[in-house]
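# Summary of structural features
The chain contents come next:
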Amino acid sequence: MISLILITYVSRLKDFVDRRTTPLGLTSDDGIRYWQERLLLVFVFVGAVFGFFVYLPSVALSIKENLWSVAVADTIIYAWTVILFFRRSIPFAVRAVTVSLIGYILGMVLLLTIGPFGGGAVWLFAFPVIVAILLGFRMSLIALAINAVTLISVGLLLQFGYMEWDYSTTNPVEKWVVIGLNFLLLNSVVTISIALISEGIQDLLTRQKSMMISLEKSEKKFRVLFEFAPDAYYLSNLEGTFMDGNRSAEEVLGYKKEELIGKKFLGLNLLSPDQLPKAGELLGKNLEGKATGPDEFILNRKNGETVLVEIRTLPTEIDGQDIVLGIARDVSERNRLEISLHKAEKMEVIGTLAGGVAHDLNNILGGLVGYPELLLMQLPEDSPLRKSILAIQKSGERAAAVVQDLLTLARRGVVAVEVVNLNEVVSEYLKSPEHEKLQSYHPGVRLETRLNQDILNILGSSTHLSKTVMNLVGNAAEAMSGGGKLTVSTENRHIDRAIRGYDDVKEGDYVVLTIADTGTGISPDDIGKIFEPFYTKKKMGRSGTGLGMAVVWGTVKDHNGYIDVQSTEGKGTTFTLYFPVTSKELPEDKSHLTIESYNGNGESILIVDDEEDQRQLASGMLEKLGYSVVSVSSGEEAVEYLRSNKVDLLVLDMIMAQGMDGLDTYKKILKLHPGQKAIIASGFSETDRVEEVQSLGAGVYIRKPLLLEKIGLAVKEELEK
């Protein structure tokens, strides 16, 4: 019990001493200044607390021996000490000088009253030492100089008899000189040594503090770079235990840093079993002190998703511990872009090939489609030849449809100048013989339509859009061989956010076409390939050319739209197509015009085409319609002809094997005949070249192979402008 009480009081006393000797507003980080302040407080504390036990006997003795000056001096000095003890708010310099002077004054009083061999010398000796500790080297030299002057003054007082020894001695002055010199020598050595040590400690602490500040700044800079690096940075030991990580590491993995620290990577199921051998191999290289990477891994995130990362590791040492710095870069987006670029390049190559083939086929098909039409007009209704000629014409039209698919694939298939209502396109297809045939093949498929009656118009090609609907509906039906539900819907929608698969989507109003089925779905391995030309999972000979989905993709692109595919194996697939709306109104319906409505009245027409068969076919059709026709085989011939002649209309091919193309030809003709009317008839052309010709004044663009009604309407409309 007694020991417990003692321990308690000792603890309280220690706390009291710590509080009284701890500087206000300073910490050890403030270097020598903190320790000087603390030593000053210790001096004052000891003087105030323990000095009392010296003060009482000293005063009592002074009074007994009638040394009132000593008693008064002791009282004043002790009073100063007590005041300094309680008033720590007094500036440090004032308190330091006061404490130093206390030692000097006390020494002087004792020296002058008791004599040279009293206790005064001890206090004089302490005076410069205290100054050295509290006020530094320069002030300690001043204190030593004061001591030297004091000792010289005492020697002079002895010499002239103003001071007496407290006992008899011979040669007092000589002895005082010897004593004084030894005193000054020892006092100087101790004082200067302490001052130099104090300054050295101050310099050391200053440099240490500077180093700590630099280290803290460096560490802070490193921590900022570490934390906010775009890549995932992590630290682990050589056994693969996670030690630290940045914010990107948390984002990549889906774990909080606290969930990872202290755990082994291989124990977190971040890697699939087939990747573990590779990870173990890299860990072995780290144990050998070797850097690794870049190496690709597929990591399992906390939420079950996967992310493709590229990892580099570097063995290093921090605070004497061997660690591994790892950098993991999320390359999922880069990988996706590389795949997209590869697909785009492949599509470009195939498209270029398809475009070249389509151009030649169009010229060949012109005769198979156009001449039967002219022959049928000349044959009587009961002619036995009509059936055969119709078969030839139908075959040509089917071949022309395949060529049109190739042109769409080549991104040369659409010139979006027609205002289209998507509901009408869908409705027309669902009434078509092609759809009736499809239904007969798949009687178990239930069709449901949800067409918004207030649907807005879009700008594009009804032919290509109809083909897109046909391909998507056909694929959906074939995916439900055992029956199911097929839904076709349209709606207006404002888009203001990204669409899956597109980095940049223009905000605005869109007409959305959705075709959904409850069929077999598309596997994850196949869904990224469905828009590739000639890629199909269907049986050869039963499902067309393999261009259907490539045509869908090309059509959507050419209409400045977007397409989103969502599919789950065993549950079905949904295709969502987005087309930007237009404020233009639908044109007048001309689907039931008779041939008389687009006959000519002898107007002069110049046909410019490098293919003789095409010139003859176009000439025959236009002459049949009542026009006066002249044809030439090149742009140069057309320019030369028009130098001395005028025509009402040009029928201009865009691509000609020799010499100028259609655009350059039209530019030269405009210089001869400003405002010359023209239409464009071509099987394959760069869209931007066509648009430039039209911006110069040319009319509609009709695509080969030519049909009588198509060219007749185009010529009639342009002449009537």
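Per-chain numbering applies: the sequence of each chain, read as written, is numbered from 1 onward. Given that this is a predicted model, residues contribute local features only at a pLDDT of at least 70 and side-chain atom pairs are listed and counted only at 80 or more, while totals for whole chains, interfaces and linings are drawn from all residues. To obtain the side-chain values, all non-hydrogen atoms of the structure were used and water was disregarded.

## Quick word on the overall build of the protein
Under the DSSP-based scheme used, a helix requires at least four consecutive residues in state H or I and a strand at least two consecutive residues in state E, with every element numbered from the N terminus. For the protein, the count of helices and strands is 23 helices and 17 strands. Buried means the residue's accessible area, taken with a 1.4 Å probe over protein chains only, is under 20% of the maximum for its type, while exposed means over 50%, and partly exposed covers the values in between. Counting over 721 residues, the protein shows a buried share of 43%. Working rule for contacts: check all heavy atoms of both residues, and any pair within 4.5 Å makes them a contact. Considering only residue pairs separated by 6 or more positions, the protein has 65% of its internal contacts joining residues 24 or more positions apart. A 1.4 Å probe and the Shrake-Rupley method give the accessible areas. Residues count as covered only by the protein chains that appear here. Working note: accessible area of the protein is about 39,500 Å², and carbon and sulfur atoms make up 58% of it.

## Topic: the confidence of the model for the protein
Summing up the model confidence of the protein, the mean pLDDT is 78 and the portion of residues at 70 or higher is 81%. Low pLDDT (under 50) marks residues 412-416, which in the prediction has 21 contacts with non-local residues, meaning those over four places away or in another chain. The pLDDT value expresses, per residue, how confident the predictor is, ranging between 0 and 100. Note on residues 539-545: pLDDT is under 50 here. Beyond four places in sequence and across chains, it has 4 contacts.

## Digging into the pattern of salt bridges
Each reported salt bridge corresponds to a side-chain nitrogen of Lys or Arg within 4 Å of a carboxyl oxygen of Asp or Glu. Going through the model one piece at a time under the given rule, you end up with 14 salt bridges. For Glu-692, the salt bridge identified is with Lys-667, shortest N-O distance 3.3 Å. Taken together, the residues span a long stretch of sequence, with Glu-692 in helix H22 (residues 687-696) and Lys-667 in helix H21 (residues 662-672) at a distance of 25 residues. Residue classification places Lys-667 among the partly exposed residues on the basis of a relative accessible area of 34%. Residues joined by salt bridges that share partners form a network here, namely Glu-448, Arg-450 and Lys-485.

## Considerations on the nonpolar core
Side-chain atoms within 4.5 Å are what join buried Ala, Val, Leu, Ile, Met, Phe, Trp, Tyr and Cys residues into a set we call a nonpolar core. Core analysis: the largest hydrophobic core is formed by 33 residues, its most contacted members being Leu-422, Val-473, Leu-486, Leu-513, Phe-575 and Leu-577. In terms of residue count, the dominant contributor to this core is helix H16 (residues 462-478) (6 residues). Dropping the residues within four chain positions of it, Leu-422 is found in contact with Ile-458, Leu-465, Thr-490, Val-511, Leu-513 and Phe-579.

## Points about the sheet that holds strand S4 (residues 306-318)
Pairs of strands are assigned from DSSP output, requiring at least two bridges between the strands. With antiparallel pairing, 5 strands are arranged side by side in an open sheet as S2-S1-S5-S4-S3. The two strands at the open ends of the sheet, each matched to only one other strand, are strand S2 (242-245) and strand S3 (292-300). Between one strand axis and the next, the sheet turns by 30° as a mean value, whatever way the strands run. Summarising the sheet, strand S1 (residues 232-237) and S2 pair through 3 bridges and their orientation is antiparallel. Bridge pairing in S2 links Tyr-234 to Gly-245. Helix axes are fitted to C-alpha atoms over the stretch in contact, other axes to C-alpha atoms as well, and angles between N-to-C directions run from 0 to 180 degrees.

## As for the sheet that holds strand S13 (residues 604-608)
Strands sit in the order S14-S13-S15-S16-S17 across an open sheet of 5 strands; the sheet is parallel. Of all the strands in the sheet, the pair left with one neighbour each is strand S14 (628-632) and strand S17 (701-703). For this sheet the average axis-to-axis angle between neighbouring strands, irrespective of direction, equals 20°. Inspection of the sheet shows S13 paired to strand S15 (residues 649-652) by 4 bridges, in the parallel sense. Considered in S15, the bridge of Leu-606 is made with Leu-650. Against the sheet, H21 engages S15 and strand S16 (678-682), with an angle of about 160° to S15.

## Observations regarding the side chain of Asp-653
Position of Asp-653 among the secondary structure elements: in the loop between S15 and H21. Ignoring any residue separated from it by four or fewer positions in sequence, one finds Asp-653 in contact with Val-608, Asp-609, Asp-610, Gly-662, Ala-681, Ser-682 and Lys-704.

## Brief notes about the pairing of S15
Here S15 shows no split at all, with Leu-649 and Val-651 on one side and Leu-650 and Leu-652 on the other all buried. Here S15 runs beside S16; their pairing, made up of 3 bridges, is parallel. Its bridge partner lying in S16, Leu-650 is registered against Ala-678. Throughout, right-handed denotes a crossover for which the path from the first strand over the helix to the second runs clockwise when the strands point away from the viewer. Since S15 and S16 lie parallel, the crossover through H21 that links them has a hand, and here it is right-handed.

## With respect to the packing of helix H4 (residues 68-86) against helix H5 (residues 92-113)
At their nearest, the axes of H4 and H5 sit 10 Å apart, and the two run at 170° to each other. As judged from the angle between their axes, H4 and H5 are roughly antiparallel. Every pair of crossing elements has a handedness; the one defined by H4 and H5 is left-handed. Within the contact between the two elements, H4 uses Ser-69, Val-70, Ala-73, Asp-74, Ile-77, Trp-80, Thr-81 and Leu-84 and H5 uses Arg-95, Thr-98, Val-99, Ile-102, Ile-105, Leu-106, Val-109, Leu-110 and Thr-113. Here the angle decides the label: under 35 degrees means roughly parallel, over 145 means roughly antiparallel, 65 to 115 means roughly perpendicular, and every other value means oblique. Note on convention: near helix rotated counterclockwise from far helix by under a right angle means a left-handed crossing. Clockwise means right-handed.

## Considerations on the environment of Ala-249
By the secondary structure assignment, Ala-249 is in helix H9 (residues 247-253). Along the backbone, Ala-249 and Asp-231 are 18 residues apart, and their C-alpha atoms lie at a distance of 7.5 Å. Residues in contact with Ala-249, not counting those within four places in the same chain, are Ala-232, Tyr-233 and Gly-254.

## Here's the deal with the pairing of S1
Counting buried positions along S1 yields 5 of 6 residues, so the element is predominantly enclosed. The antiparallel pairing of S1 with S2 creates a hairpin that spans 4 residues between the two strands, and Gly-240 there sits at a positive phi of about 85°.

## Observations concerning the packing of aromatic side chains
Here is the rule: rings of Phe, Tyr and Trp (six-membered ring for Trp) pair when centre to centre is within 6.5 Å. Planes less than 30 degrees apart are stacked, more than 60 are edge-to-face, and the remainder are tilted. Enumeration over the complete set of coordinates arrives at 2 aromatic pairs. Measuring from centroid to centroid gives 5.1 Å for Tyr-104 and Phe-127, while their planes differ by 50°, and the two rings are tilted. Highlighted residues: Tyr-104 in helix H5 and Phe-127 in helix H6 (residues 120-135), separated in sequence by 23 residues. By the burial criterion, Tyr-104 is buried, and Phe-127 matches it. Pairing Tyr-510 with Tyr-562 gives two aromatic rings, centres 5.9 Å apart and planes at 50°, and the pair type is tilted. Here the residue Tyr-510 occupies a position in strand S10 (residues 508-517), and Tyr-562 occupies one in strand S11 (residues 562-568), the gap between them amounting to 52 residues. Relative accessible area serves as the criterion here: at 4%, Tyr-510 is assigned to the buried category. Charge-over-ring placement is defined geometrically: NZ (Lys) or CZ (Arg) within 6 Å of the ring centre, and within 35 degrees of the ring normal. Note that Lys-278 overlies the ring of Phe-297, its terminal NZ or CZ placed 4.8 Å from the centroid.

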